[in-house]
Amino acid sequence: MGHTEMLLAVAGLDSAKIAERCEKLAGEDWSEFPPAERAAYLFAHKQAKTPWDIGAADVQKLIDQFGRERALDVIWWSCRCHYMTRVADGFQLPLERENVFQAPKPPAEAAEEPKKEESK
Amino acid sequence: MPPRNPENSSHVRSTAFRRTPRFAASPGCFTQPSAGARSNFVPPALVRFTVAVVLLVCTSLTCSAPAGAAGGEEPAAPATRGLPVLDDDDAWALLPEVEDASSRRLPVWARALAGSLPRTTAAMLELDYLYRTSDAFDRKLRARMRWVAARANRCEYSRAVAEADLLAAGGTRQDIEQLAAGATGSTPLDRAALSFARKMTLAASTVTDEEVSYLIEELGERPVVAMVLQMAYANFQDRLLISLGSEIEPGGPLPPLEVHFAAPPPDQKPEPAARPAPIEPAPESAPQKIADSDWKSLNFLQLQERMEAQRSRSGRVSVPTWESARRELDPKLYPPDRPVRIKWSLVVLGHQPRLGPAWIKCLRTFGREANQDRVFEETLFWVITRSLQCFY
């Protein structure tokens, strides 16, 4: 699990849902995502590869789907990801094995974990 | 960073912002309000509410009416990329309470964002000042690296600002001409740093361990962490500026704006900003397929393998412990009993306790203010990491 998957888990998806979502994204057919989301992902992809090609028409497509304020949120977030990827690529830190974005489980709950696993 | 001087006449003290959200002083001549202005005190919350209502009405009108429908009148505020840009007074009126500011002129990007993301804009203004004035490594080299990133991203706004910052740091017109002519640096360190800036911008995943190791050998770990953060900020900022269609301000790039916003009272939990849905359905649906021949070069399993490889590799910089990282941090923002476990956070907080927390403050502020769907946000992040082959 990478950081984006860890954060999807924090957002409430379980492992199966995360894998399903990422597998769909990794393919070229995004038809199962709602139109607004597709517009945002396509914008993000273009902005990642050729930021200089982003023009008024690209922004307008987001505005059409999200409204002005939300479109600006999408743009801000998409730009924000480029800070994060440069940090990741610059430092090349080893990925954590546990989900460090989730609060550590209380000791009592952590102690119960092996029992839960065994009972499956 | 230049020392803050509250007696400096170019600085604006909090009373001016609190009591006179609309400025009487002319641009570039920013002074305390007159007694008459003070008597016209308007509570800032009322001003913010009024400006927000006016903006909302204007936005609704321009969204629902075709261009020129209102008798061919020009809008009061210029719009860039379909997004309104406020004037300085209206933008300041929406921003949080100011304690101190070096100028009344706001950069255009702040005026474009203040309407819908005022708290985030405030955090970004503080961030921008820190990054533009940082002396975590040689200031001239910092400005030149920023110039290289701006040129790689083809962001004219940032290029002009980087040139201004280079001159302010003691650089010369000749330095700028050399950069523009494609000079790659006069010393091995110079060449390595400028090459690093370009690669971090255009293909960060191809930066090698050796390239970073050389920079650390020459400069030390902390300055190189600052270099990475500067390039990270450049790639965030350039994309934002290009997306907003920001053009350099009349009269040339503005100097770094030193501004400090008052922290909200501890018992005040800011509400998420209002987000009206589009008035009309989108005229066309988004494509259902991604048109990129490279996209399918790695399938899902291969992507998982790349990520697994990332777990067992060695990092390029040391990861401070929470105990050492938190020493220079504000305990109100980073409570000692809530240790940070994320490695990159420990690196940026521990090695750059000014640049790192300023960015994290922006993230936290935006998260609360925009309050987007988290699954959507992280899915979009996934698309970007895949687009850049960043397996993290």
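Note that the structure is predicted; figures quoted are calculated from it, not measured. (Residues numbered from 1 in each chain as written. Chains lettered and ligands numbered in written order. Predicted model: local features only at pLDDT ≥ 70, side-chain atom pairs only at ≥ 80, totals over all residues. Heavy atoms only, no water.)

(A) Summary view of the pattern of salt bridges. Inspection of the entire model under this criterion finds 24 salt bridges over all chains. Of the charged contacts, one joins Asp292(B) and Lys49(A) as a salt bridge, the two residues approaching to 3.9 Å between their closest N and O atoms. On the criterion of chain membership, the pair formed by Asp292(B) in the loop between β5 (259-261) and α13 (300-312) and Lys49(A) in helix α3 (residues 35-49) is interchain, its members lying in two chains. Judged by its relative accessible area of 16%, Asp292(B) is buried. For the salt bridge of Asp73(A) with Arg70(A), the shortest nitrogen-to-oxygen distance reads 2.5 Å. With Asp73(A) and Arg70(A) both in helix α5 (residues 68-91) and 3 residues apart, this pair spans about one turn of that helix. The structure contains a network of salt bridges with shared partners spanning Glu20(A), Lys24(A) and Glu32(A). (Salt bridge = Lys/Arg side-chain N within 4 Å of Asp/Glu carboxyl O. Helix = DSSP H or I, 4+ residues; strand = E, 2+ residues; numbered from the N terminus. Buried < 20%, exposed > 50% of the residue type's maximum accessible area, 1.4 Å probe, protein only.)

(B) Structural view of unusual backbone geometry. Residue and element names in this part refer to chain B. Despite not being glycine, Asn-371 shows a phi value in the positive range, around 50°. By secondary structure assignment, the location of Asn-371 is in the loop between α16 (355-370) and α17 (374-387). We classify Asn-371 as partly exposed; its relative accessible area is 46%. If you check the backbone angles, Gln-389 has positive phi at about 55° while not being a glycine. Mapped onto the elements of the fold, Gln-389 is located in the segment after α17.

(C) Quick look at the domain arrangement of chain A. Residues and elements named next belong to chain A. Domain annotation for chain A reports domain 1 (1-30) and domain 2 (33-98). Between the C-alpha centres of domain 1 and domain 2 there is a distance of 17 Å. Between domain 1 and domain 2, the contact holds 8 residues from the first and 8 residues from the second. Carbon and sulfur atoms supply 69% of the area that domain 1 and domain 2 bury against each other, a total of about 740 Å² over both sides. Of all residues in domain 1, Met-6, Arg-21 and Trp-30 give up the largest surface area on contact with domain 2, accounting jointly for 65% of the area buried on that side. At the boundary of domain 1 and domain 2, one finds 1 salt bridge. Residue Glu-37 is joined to Arg-21 by a salt bridge in which the shortest nitrogen-to-oxygen separation is 3.9 Å. Connecting domain 1 to domain 2 are 2 residue pairs in polar contact (both at pLDDT 80 or more). Secondary-structure elements contributing two or more residues to the side of domain 1 that touches domain 2 are α1 (3-10) and α2 (15-26). Sort the elements by how many residues they give to the side of domain 1 that touches domain 2 and α2 lands first, with 3 residues. Across the side of domain 1 that touches domain 2, the residue classes tally to 4 nonpolar, 2 polar and 2 charged. (Domains from an automatic or database assignment. Contact = heavy atoms within 4.5 Å. Buried area = accessible area lost by both parts, 1.4 Å probe. Polar contact = N/O pair within 3.5 Å; in protein donor to acceptor, adjacent residues only side chain to side chain. Nonpolar A, V, L, I, M, F, W, Y, C, P; charged D, E, K, R; others polar.)

(D) Local environment of the nonpolar core. Residues Tyr83(A), Met145(B), Trp344(B), Trp359(B) and Leu380(B) are the most contacted members of the largest nonpolar core, which totals 142 residues. The element that contributes the greatest number of residues to this core is helix α12 (residues 221-244) of chain B, accounting for 15 residues. Leave out the neighbours within four places in its chain, and Leu380(B) touches Ala40(A), Tyr41(A), Ala44(A), Val74(A), Trp77(A), Ser78(A) and Cys81(A). (Core = buried A, V, L, I, M, F, W, Y, C linked by side-chain atoms within 4.5 Å.)

(E) Representation of the interface of chain A and chain B within the structure. Across the contact, 81 residues belong to chain A and 99 residues belong to chain B. Three residues stand out in chain A for area buried against chain B, namely Trp76(A), Tyr83(A) and Arg86(A), and they jointly supply 10% of the buried area on that side. Summed over the shared surface of chain A and chain B, the result is 5 salt bridges. Residue Asp294(B) is joined to Lys49(A) by a salt bridge in which the shortest nitrogen-to-oxygen separation is 3.7 Å. Scanning the region where chain A abuts chain B turns up 41 residue pairs in polar contact (both at pLDDT 80 or more).

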